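# Reading the structure
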Amino acid sequence: MITVRWSVKDVDDSSLDAAIRFLMRLPKSRKVAVEYFFGGWERRMADSPQAAANMLDAAKRLRAVIPLVRPFVKRMPLMDIPSADPLIRHGFGAWERSGGLLTLGADLGMRNYVEHCLVFSPNDRPEDLIYRYLGRSAALTNFKGREWAASVVGKSCGRALENSSGDAALSDVYEDVMMKREPRYDHIRALIPRAGREVEWVSYQRLLTPMVDRRGRPVLLCLAVTTPDIKIPVPVQIPSNEEDPGG
């Protein structure tokens, strides 16, 4: 597979044009990985050289803007879950069937759901959650590694539970979900550090489901599924001569 990789700040139009000419000589069915740095690494897969060439051509305009290097969260109505990623639909169905009770004994669907989730429980204060369990197939486990996942079990997550940048935008809603006992479905675009690598932009769908364990203790399940199918533009950007409206 061909990979085209560049930094938006450093590349010039002539280099992009040369890459486009090269791509257009490839077989039409060839898939191309496109990677560019724009506040963080953006990694996308093009189904054809033409689609990749279109991405490169659009990238020419990025030098005139600056990235908003912060998470973006768009709350989606629960009625949209039927069109969500299959894993999100599976998780929501498992939560509905459970009646909000987290038991792993006989329900294969619930066990599979949990293995893709981060599981949190309150510490001394409801807003101070701790990692209770990190599923082996959870997105954050895959990003940061199983050794890291095992090391944080039982530790306080503070107010930045999904990333390590200290930004609370991703986790501010957790306490609200637990207090209201209502699930929440989001589309998110955020900078996430991979284990041993630079930060990269990740687009994902997130499902938060409040539950209780067999002892009646509250827990929160967070399912994140990486996918380009989100209702947030890629990349998020503003003209470089304007101020960041997000402060």
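Structure: above.
## Points about the overall build of the chain
Within the chain one finds seven helices and twelve strands. Within the chain, buried positions represent 48% of all 247 residues. In the chain, the proportion of contacts linking residues at least 24 apart, taken out of those at least 6 apart, comes to 61%. Total accessible area on the chain is roughly 12800 Å²; 51% of this is exposed by carbon and sulfur atoms.

## A closer look at the side chain of Ser121
Within the element layout of this structure, Ser121 appears in strand β6 (residues 117-122). Ignoring anything within four residues of it in the chain, the contact list for Ser121 reads Asp128, Leu129, Ile130, Arg132, Pro218 and Val219.

## Here we look at the nonpolar core
Inside soluble globular proteins, nonpolar side chains tend to come together where they are buried. Residues Tyr113, Leu221 and Leu223 are the most contacted members of the largest nonpolar core, which totals 21 residues. Every element with two or more residues in this core is listed here: α3 (86-98), α4 (108-115), β6, β10 (199-212) and β11 (218-226). The contact partners of Leu223, leaving out residues within four places of it in the chain, are Leu87, Ile88, Tyr113, His116, Cys117, Gln205, Arg206 and Leu207. Counting residues in hydrophobic clusters, the runner-up holds 20 residues, among them Leu26, Tyr36, Leu56 and Leu62.

## Observations concerning the pairing of β6
With respect to burial, β6 is a largely interior element, five of its six residues being buried. The sheet contact formed by β6 and strand β7 (residues 129-134) spans five bridges and is antiparallel. Residue pairing in the sheet places Phe120 in a bridge with Tyr131 of β7.

## A look at the environment of Ala139
Relative to the elements of secondary structure, Ala139 occurs in helix α5 (residues 139-144). When the C-alpha positions of Ala139 and Tyr204 are compared, they lie 9.5 Å apart, and in sequence the two are 65 residues distant.

## Here's the deal with the pattern of salt bridges
Two side chains that carry opposite charge are able to pair once their charged atoms sit near each other. Taken as a whole and judged by the stated rule, the model has twelve salt bridges. Between Glu35 and Arg43 there is a salt bridge, with the nearest N and O atoms lying 3.6 Å from each other. Here Asp57 makes a salt bridge to Lys60, at a shortest N to O gap of 3.4 Å.

## Digging into the packing of aromatic side chains
Inspection of the entire model under this criterion finds six aromatic pairs. Residues Phe37 and Trp41 carry aromatic rings whose centres are separated by 5.4 Å and whose planes lie at 75 degrees to one another, so their mutual orientation is edge-to-face. Classification of Phe37 as partly exposed rests on a relative accessible area of 26%. Both rings, one in Phe120 and one in Tyr131, keep their centres 5.3 Å apart while their planes meet at 45 degrees; by these two values the pair is tilted. With a gap of eleven residues between them, Phe120 in strand β6 and Tyr131 in strand β7 connect regions that are remote in the sequence.

Criteria and cut-off values
Within each chain, residues carry numbers counting from 1 in the order of the written sequence. Thresholds applied to this predicted model are a pLDDT of at least 70 for local features of residues and 80 or more for the giving and counting of side-chain atom pairs; totals over whole chains, interfaces and linings are not thresholded and use all residues. Note that the side-chain values use all heavy atoms of the structure and ignore hydrogens as well as water. The secondary structure listing takes helices from DSSP runs of H or I that are at least 4 residues long and strands from runs of E that are at least 2 residues long, numbered from the N terminus. Buried means the residue's accessible area, taken with a 1.4 Å probe over protein chains only, is under 20% of the maximum for its type, while exposed means over 50%, and partly exposed covers the values in between. We call two residues in contact whenever any of their non-hydrogen atoms come within 4.5 Å of each other. The protein chains shown are the only cover counted for residues, whose accessible areas, like all others here, come from Shrake-Rupley with a 1.4 Å probe. For the purposes of this section, nonpolar cores are sets of buried Ala, Val, Leu, Ile, Met, Phe, Trp, Tyr and Cys residues that join through side-chain atoms within 4.5 Å. Here, any two strands with at least 2 DSSP bridges between them count as paired. The term salt bridge refers to a pairing of a side-chain nitrogen on Lys or Arg with a carboxyl oxygen on Asp or Glu at a separation within 4 Å. Centres within 6.5 Å are what make two rings of Phe, Tyr or Trp a pair, Trp counting through its six-membered ring; a difference in plane orientation under 30 degrees is then read as stacked, over 60 as edge-to-face, and the rest as tilted.

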